[in-house]
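# Fold and contact review
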Amino acid sequence: MSRCANFEVSQVLNRLLQIVSALALASTLALPAAQAAGPKKVVVKKQAHSIHVSRRVVATISPRVRTKGAKVVASSRRKSVVRVAYVPAQPSFGELAGLHSTQDPLDLKSGVALVMDQDTHEVLFSKNDQAVLPIASLSKLMTGLLISEAGLPMNEMITITQDDVDTEKHSSSRLRVGTVLSRGELLHLALMSSENRAAHALGRTYPGGLPAFVSLMNAKAKMIGMKDTRYVEPTGLSSENQSSARDLATLVNVAYKDPTLRELTTSHNFDVDVGNRTLQYNNTNRLVKNPGWDIGLQKTGYITEAGHCLLLQAKIAGRKLIMVFLDSAGSLSRFADAERVRRWVESHPPAAVSVSSVKHING
């Protein structure tokens, strides 16, 4: 190899050594900065969700799940699961008597039904109409009738006391003990919103007290021809308040003549001032706000023993009709039954229909 060639090889080797030295120096300078920055953390965000790991414990995965190498570390939170024991629904008196097994042409869900022409007293439709059953808050219609007829001052202030608290069904009320309202306000709440403490306070403050008022309820029932009716208190919380559909139709016919009852039972809503609060109440009957209905008087009711109940006076197809539905299967089915009857009456002049299986049920 010539001297010239040796010189060129030597230059190439020197150049390569310079490049390697420069790379080594750069790597050495970068190492402290990398060590100061420390290792990077990789964070994967996932939506939180629950995993049932046993019948008693639930593990909840945190929204932040950190990955470290090949391992996944998930934070978890353990909490106990609340167990609720299944309690079978208590059957109503009508269910125990088999009233719901009675078939009818309109396929009503109420165990008892009665539709009557108010002017002629012609019965257009009946189903177990003589069965005597608990009537729940339908009792308040008699309570309201007596208070309205008594001529007591409606502006007299009445205080809700511990005596008005429900010890029968332990139902709740927004009228706290110590609340002061006028007799007129209590009557409005009792009839429109079925307020139990309001109804009880009306009976308790009647001249002679609650025993005198209950005696008057039964006397009035007998006087107007309600032969199968019995009251033991003014609210309907007791299952011993009982009547038949025919008796209740009689009560509706009498109560309809009272302008106060017509106004209060069909009122859409009512506000009362209680101290520094305003309580807003609505009608328990959804049909009163329905433009397809012309309702003159109504009352709803419910306790377990009675099922869902409904009284109506309404004008349909030019006729004033009284409707009674007792022991309906659900809170909405009584209104659906009323709609079925209305469509039936509007579609054609109905011939009288009567179906019955049980006449009297005494509980």
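Another aspect to go through is the overall build of the protein. Counting secondary structure elements, the protein contains nine helices and 16 strands. Within the protein, the proportion of its 363 residues that are buried is 45%. Put simply, 62% of the contacts in the protein that link residues at least 6 apart link residues at least 24 apart. On the protein, roughly 19700 Å² of surface is accessible, and the fraction owed to carbon and sulfur atoms is 54%.

We now examine the side chain of Ser-92. Its location among the elements puts Ser-92 in the loop between strand 4 (71-80) and helix 2 (93-96). In this view, Ser-92 contacts Thr-304, Glu-305, Ala-306, Gly-307 and Asp-327; residues no more than four positions away in its chain are not counted.

Before going further, it helps to examine the confidence of the model for the protein. Chain-level statistics for the protein give a pLDDT mean of 84 and a share of 73% at 70 or above. Scored below 50 in pLDDT, residues 358-363 shows 22 contacts in the model against residues more than four places distant or in partner chains.

Moving on, we come to the layout of surface pockets. What the largest pocket holds in volume is close to 290 Å³. Here the lining of the largest pocket gets four residues from one element, more than from any other, and that element is strand 13 (residues 295-303). The residue makeup of the lining of the largest pocket, split by class, is three nonpolar, 11 polar and four charged. Quantified by volume, the second largest pocket comes out at close to 190 Å³. Lining the second largest pocket are 13 residues, with Val-165, Asp-166, Thr-167, Glu-168 and His-200 sitting closest to its centre.

So, on to the packing of aromatic side chains. Applying the stated rule across the entire model yields two aromatic pairs. With a centroid separation of 5.9 Å and 75 degrees between ring planes, the pair formed by Phe-125 and Trp-344 is classed as edge-to-face. Of this pair, Phe-125 sits in strand 6 (residues 123-127) while Trp-344 is found in helix 9 (residues 333-347), placing the two residues 219 residues apart along the sequence. This pair shows no difference in class: Phe-125 is buried, exactly as Trp-344 is.

Across the nine residues of strand 13, eight count as buried, placing the element largely inside the fold. Pairing of strand 13 with strand 14 (residues 307-316), which is carried by eight bridges, proceeds in the antiparallel orientation. Counted as the bridge partner of Gln-298 is Leu-312 from strand 14. In this structure, the hairpin formed by strand 13 and strand 14 is closed by a connection of three residues.

Turning our eyes to something else, we now look at the side chain of Glu-339. Here Glu-339 lies in helix 9. If near-sequence neighbours (up to four positions away) are discounted, Glu-339 is found in contact with Leu-287, Asn-290 and Trp-293.

Within the open sheet, the six strands sit side by side as 13-14-15-5-6-16. Their pairing is mixed. The sheet terminates laterally at strand 13 and strand 16 (353-355), the two strands that pair on one side only. For this sheet, the mean angle separating the axes of adjacent strands, direction not counted, is 10 degrees.

A few words now on the nonpolar core. Counting 60 residues, the largest nonpolar core has Met-142, Leu-175, Leu-186, Leu-251 and Val-324 as its most contacted members. Among residues more than four places away in sequence, those in contact with Leu-186 are Ile-158, Ile-160, Leu-175, Leu-181, Ala-198, Ala-201 and Leu-202. Core analysis: the next-biggest nonpolar cluster, separate from the first, contains 22 residues, Val-115, Trp-293, Leu-310 and Leu-312 among them.

The final tally for this structure, using the stated rule, is one cavity of 30 Å³ or more. Contributing to the lining of the largest cavity are Asp-164, Asp-166, Ser-171, Ser-172, Ser-173, Asn-196 and Arg-197. Of the residues that constitute the lining of the largest cavity, the class distribution is no nonpolar, four polar and three charged.

Time to look at the pattern of salt bridges. Taken as a whole, this structure holds 15 salt bridges when the rule is applied. A salt bridge links Glu-122 to Arg-319, with the shortest nitrogen-to-oxygen separation between them at 3.4 Å. Remark: Arg-319 occurs in strand 15 (residues 319-328) and Glu-122 occurs in the loop between strand 5 (110-117) and strand 6; sequence separation between them is 197 residues. The partly exposed category is assigned to Glu-122, whose relative accessible area is 37%. Three or more residues joined by partner-sharing salt bridges are found here, namely Asp-117, Glu-122 and Arg-319.

Criteria and cut-off values
- Residues numbered from 1 in each chain as written.
- Predicted model: local features only at pLDDT ≥ 70, side-chain atom pairs only at ≥ 80, totals over all residues.
- Heavy atoms only, no water.
- Helix = DSSP H or I, 4+ residues; strand = E, 2+ residues; numbered from the N terminus.
- Buried < 20%, exposed > 50% of the residue type's maximum accessible area, 1.4 Å probe, protein only.
- Contact = heavy atoms within 4.5 Å.
- Areas by Shrake-Rupley, 256 points an atom, 1.4 Å probe, with all protein chains shown as cover.
- pLDDT = per-residue confidence, 0-100.
- 1 Å grid on protein atoms, 1.4 Å probe; cavity = no way out; pocket = protein on both sides within 12 Å on 5 of 7 lines; lining within 4 Å.
- Points joined across faces, edges and corners; volume = space filled by probe spheres on them.
- Nonpolar A, V, L, I, M, F, W, Y, C, P; charged D, E, K, R; others polar.
- Phe/Tyr/Trp six-rings, centres within 6.5 Å; stacked < 30°, edge-to-face > 60°.
- Pairing = 2+ DSSP bridges.
- Axes fitted to C-alpha atoms, helices over the stretch in contact; angles between N-to-C directions.
- Core = buried A, V, L, I, M, F, W, Y, C linked by side-chain atoms within 4.5 Å.
- Salt bridge = Lys/Arg side-chain N within 4 Å of Asp/Glu carboxyl O.

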